[in-house]
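# Examination of the molecular architecture
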Amino acid sequence: MKDTSHINPLENEAIYIMREVAAQFEKPVLLFSGGKDSITLVRLAQKAFYPAKIPFPLMHIDTGHNFPETIEFRDRLVEELGLELIVRNVQESIDQGKVKEETGRYSSRNALQTTTLLDAIEEFKFDACIGGARRDEEKARAKERIFSVRDDFGQWDEKNQRPELFDMLNGQIELGQNVRVFPISNWTELDVWSYIEKEDIEIPSIYFAHKRKIFLRDGLIWSHSDFVYQEDHEEVLEETVRFRTVGDMSCTAAVLSEASDIASVVQEIRESSISERGARIDDKRSEAAMEKRKQQGYF
Amino acid sequence: MEVLKIATAGSVDDGKSTLIGRILYDTKSLTTDKLEAIEKTSKQKGYDYLDFSLATDGLVAEREQGITIDVAHIYFSTPYKSYIIADTPGHVEYTRNMVTGASTSQAAIILIDARKGVIEQTNRHFFINNLLRIKDVIVAINKMDLVDFSEEIYNSIKADFEELMSKRDYQEQNITFIPVSALKGDNVVNHSKNTPWYNGQTLLEHLEQLDRKDIYNTGTPRFPVQYVIRPKTEEFHDFRGFAGKVYGGELKVGDEVVALPSETRSKIKDIYYYNEKCQTASRRSSVTITLEDEINVSRGDMLVKIGDLPTIDKQFTATISWMDAKNLNAGNKYVLQHGVNKVLARVENIHHKINPDYSGIEEDIDSLKINDIAKVTFKLNKPIFFDAFKNHRTNGSFILIDAQSNSTVGAGFIS
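Since the model is a prediction, treat every value here as computed from it, not as a measurement. (Residues numbered from 1 in each chain as written. Chains lettered and ligands numbered in written order. Predicted model: local features only at pLDDT ≥ 70, side-chain atom pairs only at ≥ 80, totals over all residues. Heavy atoms only, no water.)

## A word on the interface of chain A and chain B
Listed by partner, the interface residues are 59 residues for chain A and 77 residues for chain B. Roughly 5,900 Å² is buried in total at the junction of chain A and chain B, and carbon and sulfur atoms are behind 55% of that figure. Taken together, chain A and chain B are joined by three salt bridges. Among the salt bridges present, the one from Glu20(A) reaches Arg299(B), with a minimum N-O distance of 2.9 Å. At the junction of chain A and chain B, the tally comes to 23 residue pairs in polar contact (both at pLDDT 80 or more). Of all the secondary-structure elements, those providing two or more residues to the side of chain A that touches chain B are α1 (9–24) and α2 (36–49) of chain A. At 12 residues, the largest contribution of residues to the side of chain A that touches chain B is made by α1(A). Split by residue class, the side of chain A that touches chain B holds 25 nonpolar, 14 polar and 20 charged. (Contact = heavy atoms within 4.5 Å. Buried area = accessible area lost by both parts, 1.4 Å probe. Salt bridge = Lys/Arg side-chain N within 4 Å of Asp/Glu carboxyl O. Polar contact = N/O pair within 3.5 Å; in protein donor to acceptor, adjacent residues only side chain to side chain. Helix = DSSP H or I, 4+ residues; strand = E, 2+ residues; numbered from the N terminus. Nonpolar A, V, L, I, M, F, W, Y, C, P; charged D, E, K, R; others polar.)

This is how it looks when you write it as structure tokens:
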């Protein structure tokens, strides 16, 4: 007869964290980007509350510059699982004059998401936002707590973080504050991909090899699109590529790949020697890029 | 895949970050872009070697001061195991981070600078790893290259450390000594030609052979209820599942259990892991349990096996590690979180402060400062269900929360 000893300790930890969120907070939300990490979070939440439905909504901060494949996928998943989805648009924050669109060669709406996110947290009075950030992604994230308190301006005070001992998660906050929750903190990129393979989780098609119009800049492969600034001399090519990480089109670089199914993707990750965030254009700006964005309330 | 969590401890400049960087480098865990960043920065700083500490020192403030100021988590894996290293700082004022890192670890690495030998900090690091009952401790005697890989120096440091070991409370702890040079790579992942007198394992070899069964503290099964699942759908109309994580030992379908605090008895009907029914819930698995009888159980309650009850009391004595800048005074009230259960606690008595360098205790005190470790008696507004920390690492520990700041201000280990 079956026992549970074969189950991944990381999955057990993540399910425990999901349940702590539902128990300790009044208005949690799961921040959903349509990327593999947030898709993994949805599966973990399903597992945590079965046979009941996931007791919180999903929220997508849409930059308006997403891959269309991601948006189609998002809408289908939400419908299949009967979940509530909230969408807030960066375009609205721009129209309201709260943020200014970046211009030029490296312009991206990625950083602008922060304002839209913080406004939405205030609008819905969310007290806990579950996100798919992992500590292995980046040095500043390596110091992030599982329950990470944000003040009423949405800011992260990295020098004054609560110690987290044993399994005990302290979610006590004041009115106006919120907690960012990272259930897959201790997962690596390979852990996520292996989990997607084992669980047979569906993910957007752009994670698999496909033909795409691209151009090259700074040794990275950029998508040719209306949303991405491109100079005249930057030649458009067609290549077989896939994405390792999926964010806004203007900040996500592709990799050359023939991996067209999950098994070959896992194999590729296992052998790969460039870390995942190496394909994130926004982090190349400076060594402290991520930490600065986090202090301002970025995810 | 097996996951092993390791806490590291060492004083400033003992080379802790360098050691971790070395492990990552020699296990080929550093990716091309990370390695490039390290090469670039090392060159800018004018070093003629690679500064691996740059791989782990994450925050801007740390890079400026060249020190580690908070717990950082580093991940790597071998074909046999996944590893998580909790890199905790070694400054006197950061005992709290060390306790935090150690609380979730099964193994610890204590670094000693071969030129300096056992210093007060070493005592402190060992004391904390022993207090937290870390099963496996590796004493890495580092910078051997700077003492000409001298066997004599290694042996004399080892002898000094063994003297400390005789004073420890948790005698069953497994302790291993390894002479290393993190900077040059001796005996970290690869065996060194410079230490022909050392026949033991390298640091990584030691970690690789640690058996999961031996490094986890086990005890009797405890099931603190986290959340009650009531789907209220057609199909699961009467379903009442108790969601939680099993600690200490395993639970089986058919086990006779008692729900605390009501002390009502029932039997385990089903164990769910997601949509699968299982016969057994092994330790540390997040399951949902249903009972044969309809009894009233809510968050913070606990299911235990009949005849295997924990202590149920409103008062207990514990060793606590104080972590807040605001002092703890006799008579103060705190929120005490024991697992997922929260109660109010009042400090009845501070018995004595323990000097974490094994130099004895201080009596007649009525207040604790940040980083103090002390024996304290608490009185609670309602009973909790606990075991002694030495018998049950999970059910014998708690945290203290300041009701005003909501911050976690202390950790405790029940006597």
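## Description of the domain arrangement of chain B
Residue and element names in this part refer to chain B. Each assigned domain of chain B is listed with its residue range as follows: domain 1 (2–215), domain 2 (222–305) and domain 3 (311–414). Spacing between the C-alpha centres of domain 1 and domain 3 amounts to 30 Å. Of the roughly 1,700 Å² buried where domain 1 meets domain 3, counting both sides, 63% is carbon and sulfur surface. Here domain 1 is connected to domain 3 by zero salt bridges. (Domains from an automatic or database assignment.)

## So, the sheet that holds strand β2 (residues 72–77) of chain B
Residues and elements named next belong to chain B. Strand order in the open sheet formed by six strands is β2-β3-β1-β4-β5-β6, with mixed pairing between adjacent strands. What marks the edges here is a single partner per strand, and that holds for β2 and β6 (174–179). Pairwise comparison of adjacent strand axes, ignoring direction, gives a mean angle of 25° for this sheet. Relative to β6, strand β5 (residues 136–142) runs parallel, the two being bridged by six bridges. Note that in β6 the partner of valine 137 across the bridge is isoleucine 175. (Pairing = 2+ DSSP bridges. Axes fitted to C-alpha atoms, helices over the stretch in contact; angles between N-to-C directions.)

## Structural notes on unusual backbone geometry
Put simply, Tyr50(A) and Pro51(A) share a cis peptide bond, and its omega is 0°. Tracing the backbone through its elements, the reader meets Pro51(A) in the loop between α2 and β2 (58–62). The omega torsion of the bond from Leu260(B) to Pro261(B) falls at 10°, within 30 degrees of zero and hence cis. Along the polypeptide, Pro261(B) turns up in the loop between β10 (256–260) and β11 (264–273).

## A closer look at the sheet that holds strand β6 (residues 178–181) of chain A
All names here are of chain A. With mixed pairing, six strands are arranged side by side in an open sheet as β3-β2-β1-β4-β6-β5. In the strand order of this sheet, the two ends are held by β3 (85–89) and β5 (147–150), each with one partner. Direction aside, neighbouring strands of the sheet carry axes that sit 30° apart on average. Relative to β6, β5 runs antiparallel, the two being bridged by four bridges. For arginine 150, the partnering residue across the bridge sits in β6 and is asparagine 178. Most of the contacts of α2 go to strand β1 (residues 28–31), to which it runs at about 140°, and overall it touches β1, β2 and β4 (128–130). Running at roughly 165° to β2, helix α3 (residues 68–81) makes contact with β2 and β3 of the sheet.

## Some words on the pattern of salt bridges
Between side chains of opposite charge, pairing is possible as soon as their charged atoms come close. Taken as a whole, this structure holds 34 salt bridges over all chains when the rule is applied. Residue Glu69(A) is joined to Arg212(A) by a salt bridge in which the shortest nitrogen-to-oxygen separation is 3.4 Å. Within this pair, whereas Glu69(A) is found in helix α3, its partner Arg212(A) is found in strand β7 (residues 210–217), the two being separated by 143 residues in sequence. Owing to a relative accessible area of 11%, Arg212(A) belongs among the buried residues under this scheme. Across the pair Asp113(B) and Lys116(B) runs a salt bridge whose closest N-O atoms are separated by 3.8 Å. The exposure class of Asp113(B) is buried, given its relative accessible area of 2%. Overlapping salt bridges bring together Glu11(A), Arg43(A), Lys47(A), Lys198(A) and Glu199(A) as one network. (Buried < 20%, exposed > 50% of the residue type's maximum accessible area, 1.4 Å probe, protein only.)

## Examining the nonpolar core
Membership of the largest hydrophobic core comes to 84 residues, with the highest contact counts inside it found for Met18(A), Leu30(A), Phe147(A), Phe223(B) and Ile289(B). Considering each element in turn, this core owes the most residues, eight residues, to α1(A). For Phe223(B), the residues in contact, after removing those within four places along its chain, are Phe242(B), Ala243(B), Gly244(B), Lys245(B), Val246(B), Leu251(B), Val287(B), Ile289(B), Asp301(B), Met302(B) and Leu303(B). With 71 residues, the next largest nonpolar core counts Ile85(B), Ile128(B), Ile134(B) and Phe149(B) among its residues. (Core = buried A, V, L, I, M, F, W, Y, C linked by side-chain atoms within 4.5 Å.)

## Focus on the domain arrangement of chain A
Residues and elements named next belong to chain A. Partitioning chain A into domains gives domain 1 (9–191 + 288–295) and domain 2 (206–282). Residue-level contacts link 26 residues of domain 1 with 28 residues of domain 2. Surface buried jointly by domain 1 and domain 2 totals about 2,300 Å² across both partners, of which 51% is contributed by carbon and sulfur atoms. Our enumeration of links across domain 1 and domain 2 arrives at two salt bridges. At the junction of domain 1 with domain 2, the criterion picks out three residue pairs in polar contact (both at pLDDT 80 or more). Element by element, the count of residues in the side of domain 1 that touches domain 2 is highest for helix α8 (residues 289–295), at three residues. Residues that form the side of domain 1 that touches domain 2 fall into these classes: five nonpolar, 10 polar and 11 charged.

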